[in-house]
Amino acid sequence: MCGIVAYIGGRTAEPLLIEGLKRLEYRGYDSAGIATIEGGALRVARSVGRVSELEERLHEAGGFAGSLGIAHTRWATHGGVNEANCHPHRDDRNGIAMVHNGIIENYASLRTYLEEKGHTFSSETDTEVLAMLIGELYEDDLERAVKAALREVTGAYAIAVICEKEPGTLVVARKGSPLMVGVGNGEYVVASDASAIVAHTSQAFPLADYNVVRITREGFRTSTIDDTPVTPKISQLELDLEQIEIGTFSHFMQKEIFEQPKVLATTLRGRIDRNEGRVVLGGLANFSKELVKARRFILTAQGTALHSAMIGEYLLEDLAKISAEVEFGSEFRYRNPIIEENTVVVGVSQSGETADTLSAVIEAKDRGALALGVVNVVGSTMARETDAGVYLRVGPEIGVASTKAFTGQVMVLTMLALYMARRRFMSPDVCARCLTQLEAVPDKIARALETNDRVRQVTERYVDRDNWLFLGRGYNYPTALEGALKLKEISYIHAEGMPAAEMKHGPIALIDDGMPAVFIANQGRQYEKVMSNIAEVRSRGGHVIAVATEGDTEIAKVAEEVLYIPECEEFLSPMLAVVPLQLMAYHAAVLRGHDVDKPRNLAKSVTVE
Ligand code: F6R
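Quantities reported herein were computed from a predicted structural model and do not represent experimental measurements.

Calculation notes
Residues numbered from 1 in each chain as written. Predicted model: local features only at pLDDT ≥ 70, side-chain atom pairs only at ≥ 80, totals over all residues. Heavy atoms only, no water. Helix = DSSP H or I, 4+ residues; strand = E, 2+ residues; numbered from the N terminus. Rg over C-alpha atoms; globule rule 2.2 N^0.38 Å. Buried < 20%, exposed > 50% of the residue type's maximum accessible area, 1.4 Å probe, protein only. Contact = heavy atoms within 4.5 Å. Axes fitted to C-alpha atoms, helices over the stretch in contact; angles between N-to-C directions. Parallel < 35°, antiparallel > 145°, perpendicular 65-115°, else oblique. Left-handed = near helix turned anticlockwise from the far one by under 90°. Nonpolar A, V, L, I, M, F, W, Y, C, P; charged D, E, K, R; others polar. Pairing = 2+ DSSP bridges. Expected span 1.5 Å × (residues − 1). Bend = angle between axes of the 7 residues up to and from the residue. Core = buried A, V, L, I, M, F, W, Y, C linked by side-chain atoms within 4.5 Å. Domains from an automatic or database assignment. Phe/Tyr/Trp six-rings, centres within 6.5 Å; stacked < 30°, edge-to-face > 60°. Lys NZ or Arg CZ within 6 Å of the ring centre and 35° of its normal. 1 Å grid on protein atoms, 1.4 Å probe; cavity = no way out; pocket = protein on both sides within 12 Å on 5 of 7 lines; lining within 4 Å. Points joined across faces, edges and corners; volume = space filled by probe spheres on them. Disulfide = S-S within 2.5 Å.

Novice: Can you tell me about the overall build of the protein, naming the residues and giving the values?
Specialist: Looking only at helices and strands, one finds 20 helices and 26 strands in the protein. In summary, the protein has a C-alpha radius of gyration of 25 Å against a globular reference of 25 Å for 609 residues, a match within 12%. Of all 609 residues assigned to the protein, the portion counted as buried reaches 61%. Restricting to contacts in the protein with at least 6 residues of sequence separation, those with at least 24 account for 72%.

What follows is the structure, given as structure tokens:
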């Protein structure tokens, strides 16, 4: 949700900033802009559309030569998508330029105050208000003005600010939105995430909330907005360039779907002790006593992560026999939730920055719950705000539509459920058997990926249909929701997911001979019931595409199309059943000619509520 990159050092900033913006483009891509200081004067270029359009504009202008600069790729919140609302924004007096990710909540009252002081605004954004406030408070020290302004604002921000009166200074700050400082040799790269830093240095530190860093070519100084000095911990980035390159794939989403076997093996690595029949989750080690006493789990998340949390609910109840429920982060916080003693809240999030999920976890923690994070991005806000947690280890997810993070989340939640089960009642032998099955999942996903050509053929047959249903039961009801979400978000086809039995309580009225209905009909406790639901759709003219277990010949008699996945224990089936659904959404988007990795209106990492 908006990407920021800033540079100060000995090199020309512009190419480095543009390359950084391209890496961050998945965070927002409706407009982009850059500002540098060149010969003591500010130069700014902004453009609606993709970073490549900004690049073209800069090329036509002969490029910017400064070695200090800030840049931004936007996902609009305040104000429409037009050039006036693009970042960087400037003040109207002191040659200050600023880029911002987040929302300044009290921007309206600040704007009125600044207008009364005679400032004139040229955009509708909250960011321009903050830039103007910094300008209003500026005397002769940019850092001091930034701190003074930030003490006046409420909301969330990651900002990078430059001023033509101080052509050797970059000031960055954060509250609520992520920002990292990459420390190179005589140069610094600041960015919303490590992907824009790693090509230049592997040493970096994340900013904590309310921290401000003043950076010059000679060094940097970190303090809070109230001037308390802070010593940041510089560490090695856990990311290499290969992980963020597209390689031989056409899209990041395709790459991420196909790398699931490999990354899920990494998720499991070192965490399975089959001899002892137990799961080893180092991140939970300090809280094993609290976890033994746990009486209730609340899993909170949004979007795809919510679907994996729903599977987590089934897993915790089914395997660990512990009460579990799932909540949208966005709803939980505003509901006056009841948190009893021995409640564990689990925030499930790829980015670890989703504002709705974060605020729910913090709310539950404040009310006495033990807070765990099931997070992919190392060092993210969720990872830091929770008491303990388990990382997904699936590597950076760049395609906006989440795929490998989903299976990674389900994998971690499966381990968490087995960890709890073993602590509560499960024998080492039973656990070891489950773990053997779990360890086979990456290879089985590799086999499920072999359906790719067949999925493309089936998708081609129905891709012109504008309404789809996705139906499943038990563990695969959330998988059906995920299949529908994937199709919606990248192919813009209307799709609904629901429990298969729910269909006859209303939605069956939609079925006609134009409607594809995708059933997850793997072998399991509810197989016969799903078969009856399939018959109900077929008898009303609907087209049935079934995801079924290899060797099931019966299903081919009732479904028009069958996509086979390897046999597995029911509790592991969502990780396999989702694979053809991910592929289906991918092929539908490609066939419809959409930008798979950057679907319209979306952005990865939704850092506003
Ligand atoms: C869908 C998708 C979103 C995210 C949701 C939560 O493909 O990516 O629905 O799952 O915005 O994001 P995280 O997992 O970063 O909290």
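Novice: Give a detailed account of the packing of helix α15 (residues 441–448) against helix α20 (residues 573–591), specifying residues and quantitative values.
Specialist: Two quantities define a packed helix pair, namely the angle between the helix axes and the distance between the axes. Here α15 crosses α20 at 25 degrees, and the two axes come no closer than 9 Å. In terms of their interaxial angle, α15 and α20 are classed as roughly parallel. In the packing of α15 onto α20, the handedness of the crossing is right-handed. Seen from α15, the contacting residues are Val441, Lys444, Ile445 and Ala448; seen from α20, they are Met575, Leu576 and Val579. When grouped by side-chain class, the residues that make up the contact of α15 with α20 number 6 nonpolar, no polar and 1 charged.

Novice: I'd like a rundown of the pairing of strand β21 (residues 388–391), residues and numbers included.
Specialist: Alternating residues of β21 divide into Ala388 and Val390, all buried, and Gly389 and Tyr391, none buried. Across 4 bridges, strand β20 (residues 370–375) lies against β21 in parallel orientation. What sits directly across from valine 375, in β21, is tyrosine 391.

Novice: Quick one: what's the story with α20, residue by residue and with numbers?
Specialist: The first and last C-alpha atoms of α20 sit 28 Å apart over 19 residues, in line with the 27 Å expected at 1.5 Å per residue. Most pronounced at valine 579, the bend in α20 amounts to some 25 degrees, and the proline proline 580 follows within four residues. Within α20, 17 of the 19 residues are buried, which leaves it mostly tucked inside the rest of the structure. Following α20 by one or two positions, glycine 593 has its phi on the positive side, about 80 degrees.

Novice: How would you explain the nonpolar core if you had to name every residue and give the values?
Specialist: Generally speaking, nonpolar side chains in soluble globular proteins are found buried as a group. The biggest cluster of nonpolar side chains holds 95 residues, and the ones touching the most others in it are Phe297, Leu438, Trp468 and Phe470. Element by element, the count of residues in this core is highest for helix α13 (residues 404–424), at 13 residues. Two domains each provide a minimum of three residues to this core, namely domain 2 (246–439) and domain 3 (450–595). Membership of the second largest hydrophobic core comes to 32 residues, among which are Tyr7, Leu16, Ala32 and Val198.

Novice: So what about the packing of aromatic side chains? Which residues, and what values?
Specialist: All chains considered together, the criterion is met by 6 aromatic pairs. Arranged with centres 5.8 Å apart and planes meeting at 75 degrees, the rings of tyrosine 188 and phenylalanine 220 form a pair that is edge-to-face. Taken together, the residues span a long stretch of sequence, with tyrosine 188 in strand β10 (residues 188–191) and phenylalanine 220 in strand β13 (residues 219–224) at a distance of 32 residues. Taken together through their ring pairs, the aromatic side chains of Tyr188, Phe205 and Phe220 make up a single cluster. Over the face of the ring belonging to tyrosine 419 we find arginine 423, whose NZ or CZ atom lies 4.1 Å from the ring centre. When the ring centre of tyrosine 492 is taken as origin, the NZ or CZ atom of arginine 600, which lies over that ring, is 3.9 Å away.

Novice: Please give an account of the domain arrangement of the protein that cites residues and values.
Specialist: Once the domains are mapped, the protein shows domain 1 (3–243), domain 2 (246–439) and domain 3 (450–595). Centre-to-centre separation of domain 1 and domain 3, based on C-alpha positions: 45 Å.

Novice: Go over the layout of surface pockets with me, naming the residues and quoting the values.
Specialist: Its volume calculated, the largest pocket comes out at about 1,200 Å³. Lining the largest pocket are 48 residues, and of these Glu238, Leu239, Val377, Val378 and Pro396 sit closest to its centre. When contributions to the lining of the largest pocket are tallied by element, the ones reaching two or more residues are β11 (203–206), β14 (235–236), α6 (252–258) and α7 (260–268). A total of 3 residues in the lining of the largest pocket trace back to one element, the largest contributor, which is α7. Taken together, the residues that form the lining of the largest pocket break down as 18 nonpolar, 14 polar and 16 charged. Mapping the lining of the largest pocket onto the domain boundaries places at least three of its residues in each of domain 1 (3–243) and domain 2 (246–439).

Novice: Just give me the short version of unusual backbone geometry, but keep the residues and values in it.
Specialist: A negative phi angle characterises most non-glycine residues, just as the trans form characterises most peptide bonds. Of note, the bond from histidine 87 into proline 88 is cis; its omega dihedral lies within 30 degrees of zero at -5 degrees. Its identity as a non-glycine residue notwithstanding, lysine 321 has a phi of 55 degrees, on the positive side. Checked against the element boundaries, lysine 321 lands in the loop between α9 (303–320) and β18 (323–328). In the Ramachandran plot, asparagine 336 falls in the positive-phi region, its phi being about 55 degrees despite a non-glycine side chain. Within the fold, asparagine 336 resides in the loop between α10 (329–332) and β19 (343–349).

Novice: Talk me through the state of the cysteines; I want residue IDs and the actual numbers.
Specialist: Taken as a whole and judged by the stated rule, the model has 0 disulfides. Looking at the unpaired cysteine 86, the closest cysteine sulfur is the one in cysteine 2, lying at 11 Å. Unpaired in terms of disulfides, cysteine 431 finds its nearest cysteine sulfur in cysteine 434, a separation of 6.2 Å. Classification of cysteine 431 as buried rests on a relative accessible area of 0%.

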